Amino acid sequence: MTEKHYSMKEAFFFSQRIAQLSKALWKSIEKDWQQWIKPFDLNINEHHILWIAHHLNGASISDVAKFGVMHVSTAFNFSKKLEERGLLQFSKKENDKRNTYIQLTEKGEDILLQLMETYEPDSNSAFSGALPLRELYGKFPDFIETMAIVRNIYGADFMEIFERSFHNIESEFTEENGKLRKAEKPEQELA
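Residues numbered from 1 in each chain as written. Predicted model: local features only at pLDDT ≥ 70, side-chain atom pairs only at ≥ 80, totals over all residues. Heavy atoms only, no water.

Peer 1: Got a minute to help me understand the environment of Gln 114 in this structure?
Peer 2: In this fold, Gln 114 is placed in helix H5 (residues 106-118). By relative accessible area, which is 38% here, Gln 114 ends up partly exposed. (Helix = DSSP H or I, 4+ residues; strand = E, 2+ residues; numbered from the N terminus. Buried < 20%, exposed > 50% of the residue type's maximum accessible area, 1.4 Å probe, protein only.)

Quick look at the structure:
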């Protein structure tokens, strides 16, 4: 048996603190997320699937489940609903007939773009709750320790996709008049 470098009380307090804080934060985030996507007749799982499909650009249902932190059947069933609405299309790859892949349709891309453009920071509780810290310290709170915990739970590839999604937003969007807008592609990329 390996020697523990922590006390049972320390382990218990950490586990309970993170559980209670995560639950409280999630409840607020869930409410805000549902309000944001409601006008587009989406639920959180559907929006998350569209988001993942966009950033993975041809994701397998297994990838969607993994990066969406949902069961494979949940990923498949909600993807099927999105396909019926014309937001996703299913396919098989010539060299991989076992897995089902999803790709955003043009309509799916348009919905994601509209969602980005309708984001309102003032109606986001987590953002509002962090704003006093930004005003005090000149930046929003860092997530490095939380990201390390998530990396240890879900793996480096999960975090790579997480980071890629934010890099994609940074490169694909610009801010105009206080709103996010799809950036114009340079001439050489259009050709």
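Peer 1: Even after reading the chapter, I still don't get the packing of helix H2 (residues 44-56) against helix H4 (residues 72-84), so can you show me in this structure?
Peer 2: Relative orientation and spacing of two packed helices are given, respectively, by the angle between their axes and the distance between those axes. Running from N to C, H2 and H4 cross one another at 85°; their axes reach a closest spacing of 9 Å. One way to sum up the angle between H2 and H4 is to call them roughly perpendicular. Facing H2, whose interface residues are Asn 45, Glu 46, Ile 49 and Leu 50, H4 presents Thr 74, Ala 75, Phe 78, Ser 79, Lys 81 and Leu 82. Taken together, the residues of the contact of H2 with H4 sort by class into five nonpolar, three polar and two charged. (Axes fitted to C-alpha atoms, helices over the stretch in contact; angles between N-to-C directions. Parallel < 35°, antiparallel > 145°, perpendicular 65-115°, else oblique. Contact = heavy atoms within 4.5 Å. Nonpolar A, V, L, I, M, F, W, Y, C, P; charged D, E, K, R; others polar.)

Peer 1: Could you clarify how one ought to interpret helix H1 (residues 8-37) in this entry?
Peer 2: Since the α-helix turns once every 3.6 residues, residues separated by three or four places project in the same direction. Counted at 1.5 Å a residue, the expected span for H1 with its 30 residues is 44 Å, and the 42 Å between its end C-alpha atoms agrees. Along H1, the residues classified as buried are Asp 32, Trp 33 and Ile 37. Residues of H1 that are buried sit in contact with H2, H5 and helix H6 (125-137). (Expected span 1.5 Å × (residues − 1).)

Peer 1: I tried to follow the side chain of His 55 on my own but got confused; where do I start?
Peer 2: Locating His 55 in the fold gives a position in helix H2. Overall, the relative accessible area of 6% leaves His 55 in the buried class. Here the side chain of His 55 touches Asn 168 through a polar contact of 2.9 Å, side chain to side chain. Beyond its immediate chain neighbours, meaning those up to four positions away, His 55 contacts Arg 164, Ser 165, Asn 168 and Ile 169. (Polar contact = N/O pair within 3.5 Å; in protein donor to acceptor, adjacent residues only side chain to side chain.)

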